[in-house]
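# Architecture at a glance
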Amino acid sequence: MEDEEGSEYGKPDFVLLDQVTMEDFMRNLQLRFEKGRIYTYIGEVLVSVNPYQELPLYGPEAIARYQGRELYERPPHLYAVANAAYKAMKHRSRDTCIVISGESGAGKTEASKHIMQYIAAVTNPSQRAEVERVKDVLLKSTCVLEAFGNARTNRNHNSSRFGKYMDINFDFKGDPIGGHIHSYLLEKSRVLKQHVGERNFHAFYQLLRGSEDKQLHELHLERNPAVYNFTRQGAGLNTTVHSVLDSDEQSHQAVIEAMRVIGFSPEEVESVYRILAAILHLAVYQRLFEWVVNRINSVMEPRDRDPRRDGKDTVIGVLDIYGFEVFPVNSFEQFCINYCNEKLQQLFIRLILKQEQEEYEREGITWQTVEYFNNAIIVDLVERPHRGILAVLDEACSSAGTITDRIFLQTLDMHHRHHLHYTSRQLCPTDKTMEFGRDFRIKHYAGDVTYSVEGFIDKNRDFLFQDFKRLLYNSTDPTLRAMWPDGQQDITEVTKRPLTAGTLFKNSMVALVENLASKEPFYVRCIKPNENKVAGKLDENHCRHQVAYLGLLENVRVRRAGFASRQPYSRFLLRYKMTCEYTWPNHLLDSDKAAVSALLEQHGLQGDVAFGHSKLFIRSPRTLVTLEQSRAHLIPIIVLLLQKAWRGTLARWRCRKLRAVYTIMRWFRRHKVRAHLAELQRRFQAARQPPLYGRDLVWPLPPAVLQPFQDTCHALFCRWRARQLVKNIPPSDMAQIKAKVAAMANLQGLRQDWGCRRAWARDYLSSATDNPTASGLFAQRLKTLRDKDGFGAVLFSSHVRKVNRFHKIRNRALLLTDRHLYKLDPDRQYRVMRAVPLEAVMGLSVTSGGDQLVVLHARGQDDLVVCLHRSRPPLDNRVGELVGVLAAHCQGEGRALEVRVSDCIPLSQRGARRLVSVEPRPEQPEPDFRCARGTFTLLWPSR
């Protein structure tokens, strides 16, 4: 706990105060409140200060932090108390109860809600339907009971005007299986009359403001609460000033939904609101409230439970009951409420002292007597037989004749004139704060309260005529009929006089105290920080009064009378064993008790403790402070040590995992390599068979590690297959093969049709097939050029259609030898029009289509634009042949030839930039050029 609650937040447990004085207590309380710490322990008692604002202290994450923990392990919280009660019930099979007390507006109802939410959240991991039903009823019942039993008062916007004790039954697994709600002293007089600034019960305003127009019409009601006597006083007041979400309209819908979840039938809900409407017209509210409570109990009762079969049920009780009340005018209701608080304070003191004494005796520690105020004298003043206030009141109610409230007061003065805690104006004439014949004063443990006896007798009688009960019992409405079971008695029956309201309340308090005394108690003491319900403000005088009457200082003194703290030896060692060399990390002594003794001797603290049978008792808080400081000093060192060891362990685990992974990877790779090589060998066994030599074989997908290897193998296979195919080719065909390979490499697949499937004749002008009329004439010109220029071989020859820079279009012949590029005139016996050295030819450009356009680029020369022409068969594709033979020749000479494939070819003629493109024309008889403003277009006769 100290890890999260540093010294700047004060002491998380009032027992740890250096001095037990009211000033020290209030100083610590105010410091923690200003720091947002609204919870503080007194041992196992929780002190809670209402913050009057939403704080981030609740929800699933907070529940998880406290679930299964000990009280001291986490900062003080309601969840810690709820967890302690649940653990005692589940693990030790003890019936437990949580008593929530404090004055109106101190936050008791909210505390009970958070406790219920915690218990609902930590139970039933299996999500069984029956347990979920019970949990839903437990949570939703709060909403319904608040609507019918809470009201706005000057002290609290959601003040409980009844006492509530809820038993939650659990099976042996710790799952809720049912429950039961007890209600105490509903303030039914509020239905008829409210103080200025207060409202009637919430249910009336929710009905009027939240119902639909149709329902109001059927109930003969109007939406304005100011129309009705019972709601006129609070018509202009809202439930709360803190949140718009708590409006009467939305609360009405939430209550209806809660009643549906609990199990109220639609007819019952309709009947409830019909009766509620009738109350606005007539006066039976308490019976309606009791019926609602009984209806919820009928749903919550455990079903089909057999202890022999299912085991003994255990119980957690949650008591949320009105706090001590002092108003300008205090009547019978305040008298009963304050009597209830006296009973609970008496039980609190008795149980706290009893628990301390029993624990000391159980552990063999000498008990020290502690002086404390025992309020038994006040309880006796109220409930003593024959002479107590309630007994005198009952006597006044049963006496024949006219007995007035004034006579009742005179009787009290006669019986208690010498009582130290009772007085009246008649007994103390000089006290002008009381009126003659009306007021008496009781000196409660929480302070003096003046009561007005006006109405005491009528409110105590609380009689209804039997005829009226019989009338309502005979109603056709089953809900209204169930509210008046005593109406079934016949008029001739002789019945005993019914018990008075005071006696009934006293009996219920006695039963409640006996019930609580039979359980292991846990306490939540709620404090109201200021009268104005302002967030962040703590009125010291107001809180000091509550601390006094709640007996919190006495509680601290009782806790510290002998030993301020006590812990089981195992738990003490778990927390402090690192501070001693004999106990860290684990001791080798005979017992935990011996190990604790050795630890304390090393610190020199053995004189401030006592050793019980199973627990260590520590007298002074300074001993705990010393141990905590020593522990806090060692924690960083231990954390670093643990981090180092853990990180080393993690590193070793990681190293072993990596080694295993790498070993598996290595063997798996070997397996994959062997399997892949075996698959390659299997597939390519028939690769030597002609004529395909494995061309149709599919290569298996290699592992990633073998991808480079397979790429190399594929390249080698292609070269081997090529060798197998080439070695059978005659030497005379090798030149054509090399030219086709060169064409394929340079065209790079950009030109689909390039004549690779036919034989390449190269010299088409010497062929009688292609040039039947002038092949002989060309042969003569070829002999003359060979003699003149001395070339060795003709690489290519063909008729062409050309266009020049002057836009002149002519038929020409193209001759390509191993020495020159010639442009010839076929109409003039193939006279040479232009000769370009072959080494000056840098490249050529062709298109991607089936046309025969070729642009030859020569260094220092105009680009030559031609279209291969007059072929046999017509339009035969010879562009690829020209590219191939020229590229193969350049490769043989060791120089590069640039080949470009583009559908829009740029060219240069005498410094001018031009573009040439192809336009397919089906109706064109022969290829021809069209010139227009710096562009050439080949009109190609597409077939």
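Residues numbered from 1 in each chain as written. Predicted model: local features only at pLDDT ≥ 70, side-chain atom pairs only at ≥ 80, totals over all residues. Heavy atoms only, no water.

### Regarding the overall build of the chain
- For the chain, the count of helices and strands is 30 helices and 27 strands.
- For 943 residues, the compact-globule estimate of 2.2 N^0.38 gives 30 Å, and the C-alpha radius of gyration of the chain, at 54 Å, exceeds that figure by more than 25%.
- Taken over the C-alpha atoms alone, the chain extends approximately 165 × 80 × 60 Å along its principal axes.
- Counting only residues that meet the buried cut, the chain has 50% of its 943 residues in that class.
- When the accessible area of the chain is evaluated, it comes to approximately 46,400 Å², of which 52% is carbon and sulfur surface.
- Between the averaged position of the 133 positive side-chain charges in the chain and that of its 109 negative side-chain charges there is a distance of 14 Å. (Helix = DSSP H or I, 4+ residues; strand = E, 2+ residues; numbered from the N terminus. Rg over C-alpha atoms; globule rule 2.2 N^0.38 Å. Buried < 20%, exposed > 50% of the residue type's maximum accessible area, 1.4 Å probe, protein only. Areas by Shrake-Rupley, 256 points an atom, 1.4 Å probe, with all protein chains shown as cover. Lys, Arg positive; Asp, Glu negative; His and termini not counted. Charge placed at Lys NZ, Arg CZ, Asp CG, Glu CD.)

### Looking at the sheet that holds strand β9 (residues 422–424)
- Spatial ordering of the open sheet is given by β9-β10-β11, a layout of three strands whose pairing is antiparallel. Of all the strands in the sheet, the pair left with one neighbour each is β9 and β11 (447–452). Averaged over all pairs of adjacent strands, the angle between their axes in this sheet comes to 25°, without regard to strand direction.
- The sheet contact formed by β9 and strand β10 (residues 439–444) spans three bridges and is antiparallel. In the sheet register, Y422 faces β10, and the bridge partner there is I442. (Pairing = 2+ DSSP bridges. Axes fitted to C-alpha atoms, helices over the stretch in contact; angles between N-to-C directions.)

### Quick look at the packing of aromatic side chains
- Enumeration over the complete set of coordinates arrives at 26 aromatic pairs.
- Measuring from centroid to centroid gives 6.4 Å for Y569 and F611, while their planes differ by 25°, and the two rings are stacked. On the criterion of sequence distance, the pair formed by Y569 in helix α24 (residues 569–576) and F611 in strand β14 (residues 609–611) is long-range, its members being 42 residues apart.
- A cation over an aromatic ring shows up here: R199 above the ring of Y205, its NZ or CZ 4.0 Å from the ring centre. (Phe/Tyr/Trp six-rings, centres within 6.5 Å; stacked < 30°, edge-to-face > 60°. Lys NZ or Arg CZ within 6 Å of the ring centre and 35° of its normal.)

### Some thoughts on the packing of helix α7 (residues 202–210) against helix α10 (residues 248–262)
- The N-to-C vectors of α7 and α10 enclose an angle of 100°; their axes lie 8 Å apart at closest approach. Here α7 is positioned roughly perpendicular relative to α10, judged by the angle of their axes. Residue-level inspection shows Y205, Q206, L207, R209 and G210 of α7 in contact with α10, the latter providing D248, E249, S251, H252, Q253 and V255. (Parallel < 35°, antiparallel > 145°, perpendicular 65-115°, else oblique. Contact = heavy atoms within 4.5 Å.)

### A closer look at the pairing of strand β8 (residues 314–320)
- Extensive coverage of β8 is indicated by the burial of seven of its seven residues.
- Across the two faces of β8 the burial is the same, with T314, I316, V318 and D320 and V315, G317 and L319 all buried.
- Summarising the sheet, strand β3 (residues 96–101) and β8 pair through five bridges and their orientation is parallel. When the sheet's bridge partners are listed, T96 is paired in β8 with I316.

### Things to note about the sheet that holds strand β18 (residues 820–825)
- The strand order across the open sheet formed by eight strands is β19-β18-β17-β16-β22-β21-β20-β23, and the pairing between neighbours is mixed. For this open sheet the edge positions go to β19 (831–837) and β23 (898–901), each flanked by a neighbour on one side alone. Ignoring which end each strand starts from, the neighbouring axes of this sheet average 30° apart.
- One ladder, built from nine bridges, connects strand β16 (residues 794–803) with strand β17 (residues 809–817); its direction is antiparallel.

### Topic: helix α21 (residues 501–517)
- Here α21 contains 17 residues, and its C-alpha end-to-end distance of 24 Å stays within 8% of the 24 Å for a straight helix at 1.5 Å per residue.
- Those residues of α21 that sit buried are A501, G502, T503, F505, S508, M509, L512, V513, N515 and L516. (Expected span 1.5 Å × (residues − 1).)

### Here we look at unusual backbone geometry
- Cis rather than trans, the peptide bond between P690 and P691 has omega equal to 5°.
- By secondary structure assignment, the location of P691 is in the loop between α26 (621–683) and α27 (707–726).
- Backbone torsion omega between R872 and P873 reads 0°, so that peptide bond is classified as cis.
- Along the chain, P873 falls in the loop between β22 (864–869) and α30 (879–893).
- At Q829, a residue that is not glycine, the phi angle is positive and equals roughly 55°.
- Turning to its location among the elements, Q829 is positioned in the loop between β18 and β19.
- Positive phi values are uncommon outside glycine, yet Y830 reaches one of about 55°.

### Thoughts on the environment of P521
- Mapping P521 onto the fold places it in strand β12 (residues 520–527).
- According to the relative accessible area criterion, P521 is buried, its value standing at 9%.
- Sequence separation between P521 and R757 is 236 residues, and the spatial gap between their C-alpha atoms is 105 Å.
- Excluding residues that lie within four positions of it along the chain, P521 makes contacts with C97, L351 and Q355.

### Digging into the state of the cysteines
- Inspection of every chain in the model, using the stated rule, returns zero disulfides.
- The thiol of C718 is unpaired, and the distance to the nearest cysteine sulfur, on C713, comes to 11 Å.
- For C718, a relative accessible area of 38% translates into the label partly exposed.
- The closest cysteine sulfur to the non-disulfide-bonded C904 is located on C931, 15 Å from its own sulfur. (Disulfide = S-S within 2.5 Å.)

### Some words on the side chain of T937
- The topology assignment puts T937 in strand β27 (residues 935–940).
- Classification of T937 by relative accessible area gives buried; the value is 12%.
- Each residue touching T937, except ones within four places of it in the same chain, is listed here: S917, E919, D928, F929 and R930.

### Describing the confidence of the model for the chain
- Mean pLDDT over the chain works out to 84, with 90% of the residues at or above the 70 mark.
- Looking across the chain, the model is least confident in helix α19 (residues 466–473), with a mean pLDDT of 59, and most confident in strand β20 (residues 841–846), with 96.
- Per-residue pLDDT stays below 50 along residues 239–245; that stretch engages in 13 contacts with residues further than four places along the chain or on separate chains. (pLDDT = per-residue confidence, 0-100.)

### What to know about helix α25 (residues 592–603)
- An ideal rise of 1.5 Å per residue puts 16 Å on 12 residues; α25 measures up with 17 Å between its terminal C-alpha atoms.
- All of the buried residues along α25 are A595, V596, A598, L599 and L600.
- The first or second residue beyond α25 is G604, which carries a positive phi of 70°.

### A few points about the pattern of salt bridges
- One pass over the structure, following the stated rule, counts 33 salt bridges.
- In this structure, the salt-bridge partner of E268 is R295, at a minimum N-O distance of 2.9 Å.
- Connected through salt bridges with shared partners, the residues R758, D770, D876, R878 and E881 form a single ionic network. (Salt bridge = Lys/Arg side-chain N within 4 Å of Asp/Glu carboxyl O.)

### Points about the pairing of β10
- Of all six residues making up β10, five are buried, and the element is well covered by its neighbours.
- Note: β10 against β11, six bridges, orientation antiparallel. What sits directly across from D439, in β11, is S452.
- Linking β10 back to β11 in an antiparallel pair, the connection comprises two residues.

### Quick look at a nonpolar patch on the surface
- Where nonpolar side chains cluster on the molecular surface, the patch consists of L658, V661, Y662 and M665 and spans about 330 Å² of accessible area.
- Looking at the element boundaries, L658 is found in helix α26. (Patch = residues over 30% accessible without salt bridge, like charges linked within 9 Å, V, L, I, M, F, W, Y side chains within 5 Å.)

### Observations concerning the side chain of R812
- In this fold, R812 is placed in strand β17.
- Here R812 falls in the buried class, since its relative accessible area comes to 10%.
- With sequence-adjacent residues up to four places away left out, R812 is seen in contact with S798, H799, V800, K802, K823, L824, D825, P826 and M833.

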